[in-house]
Amino acid sequence: MEPQVSSKMKKVLLVINCIILAVGTCGTPLLLRLYFIKGGNRIWLSTWLQTVAWPINFIPLAISYFYRRKININNDINNNNDNIKVILMTPRIFAATIGIGVLQGFANYFYSYGSAKVPVSTSGLLFATQLAFTAGFAFLIVKLKFTSYSVNAVFLLTVGAVLLALHSGGDQPEGEPKKEYILGFIMILAAAALTGLIFPLVELIYKKAHQAITYTLVLEFQTVYCFVATIVATIGMIINKDFQAISTEAKEFELGEGRYYNLIIWGAIILQFYFLGTIGVIYSASSLVSGILISVLLPITEVLAVFFYGEKFSAEKGVSLALSLWGFLSYFYGDMKKSKKKENQSPETEMIDSKTCTP
């Protein structure tokens, strides 16, 4: 049996996963856009890159296994390690994870298609609408209770996204057909909607698991659903003959063949950070926290796009960034107050709560 993560350790994991998610959230649109503006045009390949680095998860899984083994040896005078499970995931969770993986595979394709057609600033502001989808689906699926702080955060972040959207009319790239540009808009919104659905579904799986939700189980979950999403993308690549086109595309890439392959390899690793961080934040906090963090990072991506791609940073983008940071701080201030209130509960109340939450 795996030792339960303490409240303090869970906060540490939350910070670590927030950092991982920040790298993935900011790096993903920049790397995908770099691929497309420098000569890449394979949608399924860019979709495949978003999850193909899933074997990276075996590293923390191996560390977790040996840690559990060490704890068991220290606690078992007979040194009997037969009860150390290599895989914690039950068949029921495995089946649900496959469904999440299929949804994620299509969400990745929608996002890749949109990234190929619209600038980083436009795709970022459109994808920020995932927060509204997350909040709505979380209310319907996991019966999320809103506080004044979370409502304020959602409102501010949504206003920031809308403000950016009102200023995005002149962002259509030169030479991009109007129909393709509009379709790119629709695809990004579809990706945002699917992402907003996936987050609460993951949280629901955690709640209905009928077993202790440990960080190891979360890693297993993330590994399986990224593997399934990779299979979806691989099927698309085979049908579209993307594997055969890689060598030709590499030779024609504007930055050179070597940098093309570097972009492919390191891009896949950075893109995996997004999924690893997302699942970790949902485990350590909630689906809404994950959605809010992603939304607050999107305007930061806009700033990075100014430096890397020379996109204009208008006054509207500055206001949106300020609103996003305000919303982010608002939510976590409310979360801190809630945590402090729980800490002030009597030991008897905490014992009752723990018994109630036990599956």
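Use the structure listed above.
A short tour of the structure in this document, coming up. What you see is a predicted model; the values in this text were computed from it and never measured. (Residues numbered from 1 in each chain as written. Predicted model: local features only at pLDDT ≥ 70, side-chain atom pairs only at ≥ 80, totals over all residues. Heavy atoms only, no water.)

1. Section: the overall build of the protein
A count of helices and strands for the protein gives 14 helices and 0 strands. The N-to-C order of helical and strand elements in the protein reads α-α-α-α-α-α-α-α-α-α-α-α-α-α. Across the 359 residues of the protein, 49% fall into the buried class. (Helix = DSSP H or I, 4+ residues; strand = E, 2+ residues; numbered from the N terminus. Buried < 20%, exposed > 50% of the residue type's maximum accessible area, 1.4 Å probe, protein only.)

2. A word on the side chain of Thr 301
Summarising the element assignment, Thr 301 is placed in helix α12 (residues 287–309). Looking at Thr 301, the relative accessible area reads 2%, which means it is buried. Residue contacts for Thr 301: discarding those within four places in its chain leaves Thr 25, Cys 26, Pro 29, Leu 30 and Val 120. (Contact = heavy atoms within 4.5 Å.)

3. What to know about the packing of aromatic side chains
Per the counting criterion, the structure on display carries 17 aromatic pairs. Centroid distance Trp 54 to Phe 58: 5.7 Å. Interplanar angle 70°. Geometry classified as edge-to-face. Using a relative accessible area of 18% as the deciding quantity, one classes Trp 54 as buried. Here Lys 117 stacks its cationic end above the ring of Tyr 113, 5.4 Å away from the centre of that ring. (Phe/Tyr/Trp six-rings, centres within 6.5 Å; stacked < 30°, edge-to-face > 60°. Lys NZ or Arg CZ within 6 Å of the ring centre and 35° of its normal.)

4. Describing the packing of helix α4 (residues 91–117) against helix α8 (residues 178–207)
Where α4 meets α8, the axes come as close as 7 Å, and the angle between the chain directions of the two elements is 155°. Accordingly, the angle class assigned to the pair α4 and α8 is roughly antiparallel. For the element pair α4 and α8, the recorded crossing hand is left-handed. Its residues assigned to classes, the contact of α4 with α8 shows 21 nonpolar, 4 polar and 2 charged. (Axes fitted to C-alpha atoms, helices over the stretch in contact; angles between N-to-C directions. Parallel < 35°, antiparallel > 145°, perpendicular 65-115°, else oblique. Left-handed = near helix turned anticlockwise from the far one by under 90°. Nonpolar A, V, L, I, M, F, W, Y, C, P; charged D, E, K, R; others polar.)

5. Concerning unusual backbone geometry
For Lys 241, which is not glycine, the phi dihedral falls at a positive 60°. Positionally, Lys 241 belongs in the loop between α9 (215–240) and α10 (242–252).

6. Concerning the pattern of salt bridges
Opposite charge on two side chains lets them pair, provided their charged atoms get close. Inspection of every chain in the model, using the stated rule, returns 2 salt bridges. For Arg 42, the salt bridge is made with Asp 242, and the minimal N-O distance between the two is 2.7 Å. In this pair, Arg 42 is assigned in the loop between α1 (7–37) and α2 (43–49) and Asp 242 in helix α10, connecting sequence segments 200 residues apart. On the accessibility criterion, Asp 242 (0% relative accessible area) is buried. (Salt bridge = Lys/Arg side-chain N within 4 Å of Asp/Glu carboxyl O.)

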